[in-house]
Amino acid sequence: MAGVDILATAFNGANAAFIADLYARWVANPGAVDPSFAELFSALNDESRAILTDATGASWAPRRYDFGEPEAARPTAKPAAQPAGAPAAITLDQVRAATKDSLRALMMIRTYRVRGHLEAKLDPLGLQVPRPHPELDPATYGFTEADMDRPVFIDNVLGLEVATPRQILQILRETYCGPVGVEFMHIQDPDQKAWIQRRVEGAPWRTTFDAAGKRTILRQLTEAEGLEAFCQKRFVGTKRFGLEGGEVTIPALHAIIQTAANAGVTEIAIGMPHRGRLNTLVNIVKKPYTALFSEFGGASFKPDDVQGSGDVKYHLGTSTDVEIDGNLVHLSLQPNPSHLEAVDPVVVGKVRARQDMAGDTKARRSVMGILMHGDAAFAGQGLVYETLAMSQLIGYRTGGTVHVVVNNQIGFTTVPAHAYSGLYCTDVAKSIQSPILHVNGDDPEAVVWCAQMAAEFRQEFATDFVLDIVCYRRHGHNETDEPAFTQPIMYRAIKDRPTTRQLYAEQLAHEGVATTDEAKAMWDAFTATLEDAYKAAQAYKPNKADWLEGHWTGLTVPNNEAEWTEDKTEVDGATLQRIGAAISHVPGDFDVNPKIARQLEAKRAMFETGEGLDWATGEALAYGSLLLEGHRVRLSGEDVQRGTFSQRHAVLIDQTNQNEYVPLNNIAEGQAKIEIYNSLLSEAGVLGFEYGYTLADPRTLVLWEGQFGDFANGAQVIIDQFLASGESKWLRMSGLTLLLPHGYEGQGPEHSSARPERYLQLCAEQNMIVANLTTPANYFHALRRQMKRNFRKPLVLMTPKSLLRHKLALSPLADFAPGSRFQTVIPETDALVAGAQVKRVVLCTGKVYYDLLAERRARGVNDVAIVRVEQLYPFPSVSLPKVLAAYPNAQVVWCQEEPANMGAWTFMDRRLETVLGGMDVSAKRPAYIGRPEAASPATGLAKTHAAEQAALVASALTLD
């Protein structure tokens, strides 16, 4: 440790051990040491004592007490004769004095490492002047002005073997109190702390860049500022959420990308809010200026023959391949909504998928995410923490993300004092021990140096890194906003301040690196480029859509048929048996739980008889068959390995050693693998992650399961802004499957409804599939269909709870085998009177079917048919009329468990009326049977629930 190093240099090794052991003895018994040392040790503050604690070992560790005197101070019977010219022996007083100096110097160095950032000069506007901190005052450590030039041994801790307190203070203030504030002493990993220390001490950003490097930074600043200035002039009054005041972000991004590319990164996914997006699109991800200016003129980003609503230009993304120092790197900027930080987990999920596809599942260094944030959003949005919390979890880690905070020191009109409780907007990152660099945005070289360090650290340690660029926002929240209404002092300072590029150009001119004329020529040349692009934009037409390329090649847009043709999802009998054998078997040396052993026996019996396959088995057959066909499967969510209702048991745990065994990964040699991860207790973050995964890999079945269906409420932004509308807005398909346990079984308001009405309200333009299935076989086909279609759509399934073990909710093996397929509508299965004599058709979906079926059989009713609408959307406008045609004289009712203002009723009502109106049947409108409208989804009283359920079932089966 550093404390031992200093003492060992100031004295020989025996003396260092003596002092450390003496301190340990003092801790145990203050009266057991020389009074002068007792006085010294008792004067130490907590942090100073920590230094000597480091030297003696952890507080709980066994101590080796060796209380021998230091060699020079140890008395001898006859002092040995000193050679001529040799230095005099070191006395105990000298040891004590040198110890005090070295300890105090070390205390000061350590305190600067911990708290030096508190006096860093970070605000380019100069409005936030750091207050002097007493612990950064050398007088706190006993150094008076008279002591400032006395040499002290510090053992190269700051690159010097011996230094005066004045020299030490100069190095510390340049390192920790200049334009960079370093927060790293909260990190527990000593290698990470030592790495950062070595990088930052001595303030190397002052001397790193040669003339060529400085001119590169100037050129990048010119491109960043030049674009904003051009747009401000050409598109007056148009919102663009510009980067003015934070233009140094563009050189920072260039530095991160270049450093990562040189370290072996081959793909980088970027997520960011709207501020600065246009600048990033063209100057980083290389979207043509012509295309951008065309969109400013109101043109679409896609060809006219590609359908979709589109989105505002500052929400769009793009991708490209760039060559950096001979390395080819794929860059992509993800589209995002205005919901700040919602894109964070999406980007990280995409990065994970790309790493998995590349086989980079150990180091996870080949693909990297860059997430850009605003200061107020980074502190205020919970998704930031959820994304950080996933960063080191086995199912979600990506080798570290570089976070760049464009810190405008304001959120819309909200000042930091009202925006977060901590000292910095980045304090949340300390929860995962991420290093944080705060840097003054008007010091471009410091910013670029910090950006390089961020990428280097990520590649070295595979952890997140936060770069907080403290800058300002030259305009209001948008270009038409008046910020002086609420921040008059700040905006007076901004109005009078030259731009970052102007200041840097002046600096380079003063240094003789680039003359004023050269800087102006650079500006004029770039402006001319933009003028040419602006003229060309008048006739610009996009010639292809930015989708269905690369990994998506071969997939297409579905046709506009009223009802899509069902793809082949059957599986041959031999393959089903092979999967069945695997999922009902464990290795001989695996100590399986006795209850699981009984379940495995029951599963073997299902395949021997070909009867009685339950829900979990149907699911396992879907996964297993896809794995054998080369599709990977990824399932995540809360407690999904076992399943909320102890139904899945896809990951078995050895009862002796806790080792895991996944039967589905042991079907055949060379098969694809399933990954099943119990997630952290998060919905929005994890669902966003899985959505991002599907954007990158269309060949893997990706599923997210809610512990209960209504837990998805916490992820509503991901569902609304990405899952339901992403394809229409941004031309981004997703095949994500949501498994949402749903069903009214007396479990109360929060554990009954998955809120199917919310998903149905989002349905239009064939954007996704919503279903509430009743058989394991239909579930099997629905899952396989996700991979067998030549397009991708999200699938939202209301999955069962009680039906997992219901004696009627079973399927024969034949319903999975050749000749079987997914059924959007399941007709009546019992023998009834002739169709023309049926008096009522009860349409329903999901678990209520079995309640209706059991009651009808108990009553012996044979003139009421029950038809299951398995797929609610896309609405079965072809299949359903074919089934209803068999009952020309029957009433038609829609029966549901949910209250009338929930469930599928309001979605089905008019659609059923349209179907019936086009048929030659007596019924022209459906009637409603179910719970009345309610504010809460369900009662919390078991007796009330049972009475309500019995009443709605009886009403459905009782003829008027």
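See the structure shown above.
Every value quoted in this text rests on a predicted model; they were computed, and no experiment measured them.

Asks: What am I meant to see in the overall build of the chain here?
Replies: Across its full length, the chain holds 31 helices and 24 strands. Reported as C-alpha extents along the three principal axes, the dimensions of the chain are approximately 125 × 80 × 50 Å. When burial is assessed residue by residue, the chain has 57% of its 960 residues classed as buried. Within the chain, counting contacts between residues at least 6 apart in sequence, those at least 24 apart form 80% of the total. As displayed, the chain has an accessible area near 38300 Å², and 51% of this comes from carbon and sulfur atoms. In the chain, 93 positive and 113 negative side-chain charges are present, and the distance between their average locations comes to 3 Å.

Asks: Please explain the packing of aromatic side chains as it appears in this structure.
Replies: We describe a pair of aromatic rings using the distance from one ring centre to the other and the angle between the two ring planes. For the coordinates displayed, the defined rule picks out 26 aromatic pairs. Ring geometry for Trp905 versus Tyr928: centroids 5.3 Å apart, planes at 40°, classification tilted. Taken together, the positions of Trp905 in helix α30 (residues 905–917) and Tyr928 in strand β24 (residues 927–931) put the pair 23 residues apart, joining distant regions of the chain. Of the residues examined, Tyr928 reaches a relative accessible area of 23% and is grouped as partly exposed. Put simply, the rings of Phe230, Phe235, Phe293, Phe296 and Tyr534 touch in pairs and so form one group of aromatic residues. Seen from the ring of Tyr849, Arg868 lies directly overhead, with NZ or CZ sitting 3.8 Å from the centre. Its guanidinium or amino end placed over the ring of Phe907, Arg911 lies 3.8 Å from that ring's centre, counting from NZ or CZ.

Asks: I would appreciate a short explanation of unusual backbone geometry in the present structure.
Replies: Glycine aside, a negative phi is what most residues show, and trans is what most peptide bonds show. A cis amide bond links Tyr873 to the next residue, Pro874, at an omega of -10°. Relative to the helices and strands, Pro874 resides in the loop between β22 (871–873) and α29 (879–884). Of note in the backbone geometry, Gln658 takes a positive phi value of approximately 70° without being a glycine.

Asks: Where do I start with the side chain of Thr175 in this structure?
Replies: Within the element layout of this structure, Thr175 appears in helix α6 (residues 165–176). Once residues lying within four places of it in the same chain are set aside, the contact partners of Thr175 are Val180, Val200, Glu201, Gly202, Ala203 and Trp205.

Asks: How should empty space enclosed by the protein be read in this particular structure?
Replies: Empty space among the atoms can be located by rolling a probe the size of a water molecule over them. Per the counting criterion, the structure on display carries seven cavities of 30 Å³ or more. Considered as a void within the structure, the largest cavity measures approximately 90 Å³ in volume. Contributing to the lining of the largest cavity are 14 residues, with Gln647, Arg648, Glu705, Thr799 and Leu804 lying nearest its centre. Residue assignment for the lining of the largest cavity shows that the elements contributing at least two residues are α22 (615–628) and β16 (737–741). Ranked by residues supplied to the lining of the largest cavity, first place goes to α22 with three residues. When its residues are assigned to classes, the lining of the largest cavity shows eight nonpolar, three polar and three charged. Its boundaries defined by the atoms lining it, the second largest cavity holds a volume of some 50 Å³. Forming the boundary of the second largest cavity are Tyr691, Phe722, Leu723, Gly726, Glu727, Arg732, Met733, Ser734, Asn767 and Pro794. Those elements giving two or more residues to the lining of the second largest cavity turn out to be α24 (716–723) and α25 (726–730).

Asks: Hey, could you run me through the pairing of β24 in this one?
Replies: Side-chain positions along a regular strand alternate between the two faces of the sheet. As paired strands, strand β23 (residues 891–899) and β24 are joined by four bridges and run parallel to one another. Paired with Pro899 across the strands is Arg931, a residue of β24. For the crossover from β23 across α30 to β24, the handedness is right-handed.

Asks: Explain the nonpolar core to me, please; I cannot follow it from the model alone.
Replies: Most often, soluble globular proteins have nonpolar side chains that are buried together. Within the largest apolar cluster, 100 residues are counted, with the highest numbers of intra-cluster contacts made by Ile168, Ile196, Ile268, Ile270, Phe293 and Ile370. The biggest single contributor to this core is helix α16 (residues 444–461), with eleven residues. Setting aside residues up to four positions removed in sequence, Phe293 forms contacts with Leu227, Phe230, Cys231, Phe235, Leu530, Ala533, Tyr534 and Ala537. Listed in part, the 73 residues of the second largest apolar core include Ala269, Ala342, Met390 and Met908.

Asks: What is the right way to look at the sheet that holds strand β14 (residues 674–678) in this model?
Replies: Pairing between the strands of a sheet comes from backbone hydrogen bonds, and it takes one of two forms, parallel or antiparallel. With respect to topology, seven strands assemble into an open sheet ordered β14-β11-β15-β16-β18-β17-β22, the strand pairing being mixed. Looking at strand neighbours, the two that pair on one side only are β14 and β22, the edges of this open sheet. Each strand axis lies, on average, 20° off the axis of its neighbour in the sheet, ignoring direction. Helix-sheet contacts for helix α23 (residues 684–696) involve β11 (633–637), β14, β15 (701–705) and β16, and the interaxial angle to β15 is about 170°.

Asks: Would you mind going over the pattern of salt bridges with me for this structure?
Replies: Once their charged atoms are close, side chains differing in charge can pair, the charge on each being opposite to the other. According to the stated counting rule, one finds 51 salt bridges in the structure shown. Here Arg199 and Glu456 are joined by a salt bridge, their closest N and O atoms 3.4 Å apart. One end of the pair, Arg199, is in helix α7 (residues 190–200); the other, Glu456, is in helix α16, with 257 residues separating them in the sequence. Classification of Arg199 as partly exposed rests on a relative accessible area of 31%. Within this structure, Glu566, Asp567, Arg785 and Arg789 form a network of salt bridges that share partners.

Asks: Hey, could you run me through helix α28 (residues 848–859) in this one?
Replies: For the α-helix, the turn length of 3.6 residues means that residues three or four positions removed from each other point alike. If you check α28, its first and last C-alpha atoms are 17 Å apart, about what twelve residues at 1.5 Å a residue would give, namely 16 Å. Those residues of α28 not exposed but buried are Val848, Tyr849, Tyr850, Leu852, Leu853 and Arg856. In this fold, the buried residues of α28 make contact with β20 (840–844), β21 (864–869), β23 and α31 (942–957). Where α28 ends, the next residue or the one after it, Gly860, has phi of about 75°, a positive value.

Asks: Teacher, can you tell me more about the pairing of strand β18 (residues 795–799) here?
Replies: Most of β18 is tucked away, with five of its five residues classed as buried. Because side chains alternate across β18, one face comprises the buried residues Leu795, Leu797 and Thr799, and the other comprises Val796 and Met798, equally buried. Where β16 meets β18, five bridges bridge the pair, whose relative direction is parallel. Residue pairing across strands places Leu738 opposite Val796, the latter belonging to β18. Across four bridges, strand β17 (residues 769–772) lies against β18 in parallel orientation. Residue pairing across strands places Ile769 opposite Leu795, the latter belonging to β18. The handedness of the β17 to β18 crossover, carried by helix α27 (residues 776–788), is right-handed.

The rules behind each value
For every chain, the first residue of the written sequence is number 1, and numbering continues from 1 onward in sequence order. Local features are withheld for residues below a pLDDT of 70 in this predicted model, meaning they are given only at 70 or higher, and side-chain atom pairs are given and counted only at 80 or more; totals for whole chains, interfaces and linings count all residues. Note: side-chain values were computed over all heavy atoms of the structure, leaving out hydrogens and water. Put simply, DSSP marks the helices as runs of H or I at least four residues long and the strands as runs of E at least two long, and each gets a number from the N terminus on. Each residue is placed in one exposure class: buried if its accessible area under a 1.4 Å probe, protein chains only, is under 20% of its type's maximum, exposed if it is over 50%, and partly exposed if it falls in between. Contacts: residue pairs with any heavy atoms within 4.5 Å of one another. Areas reported as accessible are Shrake-Rupley estimates using a 1.4 Å probe. Residue values count occlusion only from the protein chains shown. Charge counting treats Lys and Arg as positive and Asp and Glu as negative, with His and both chain ends excluded. To locate a charge, take atom NZ for lysine, CZ for arginine, CG for aspartate or CD for glutamate. Working definition: rings of Phe, Tyr and Trp (its six-membered ring) pair if their centres are within 6.5 Å, and the pair is stacked with planes under 30 degrees apart, edge-to-face with planes over 60 apart, and tilted otherwise. Should the NZ of a Lys or the CZ of an Arg lie within 6 Å of a ring centre and within 35 degrees of the ring normal, that charge is described as sitting over the ring. Lining residues are defined by having an atom within 4 Å of a point belonging to a cavity or pocket. Those points lie on a 1 Å grid over the protein atoms alone, cavities being sets where a 1.4 Å probe fits but cannot get out and pockets being open sets with protein on both sides within 12 Å along at least five of seven lines. Grid points are joined across faces, edges and corners, and a volume is the space filled by probe spheres set on the points. Side-chain classes follow a simple rule in which Ala, Val, Leu, Ile, Met, Phe, Trp, Tyr, Cys and Pro form the nonpolar group, Asp, Glu, Lys and Arg form the charged group, and the remainder, Gly included, forms the polar group. By the convention used here, strands pair only if DSSP detects at least 2 bridges between them. For the handedness criterion, the strands are oriented away from the viewer, and a crossover whose path from the first strand over the helix to the second runs clockwise is classed as right-handed. To qualify as a nonpolar core, a set must consist of buried Ala, Val, Leu, Ile, Met, Phe, Trp, Tyr and Cys residues joined through side-chain atoms within 4.5 Å. Every axis in this analysis is a line fitted to C-alpha atoms, fitted for helices over the stretch in contact. Angles between the N-to-C directions lie between 0 and 180 degrees. Take a side-chain nitrogen of Lys or Arg and a carboxyl oxygen of Asp or Glu: if they are within 4 Å of each other, that pair is a salt bridge. Expected span of a helix, by definition, is 1.5 Å for each gap between consecutive residues, and there is one gap fewer than residues.

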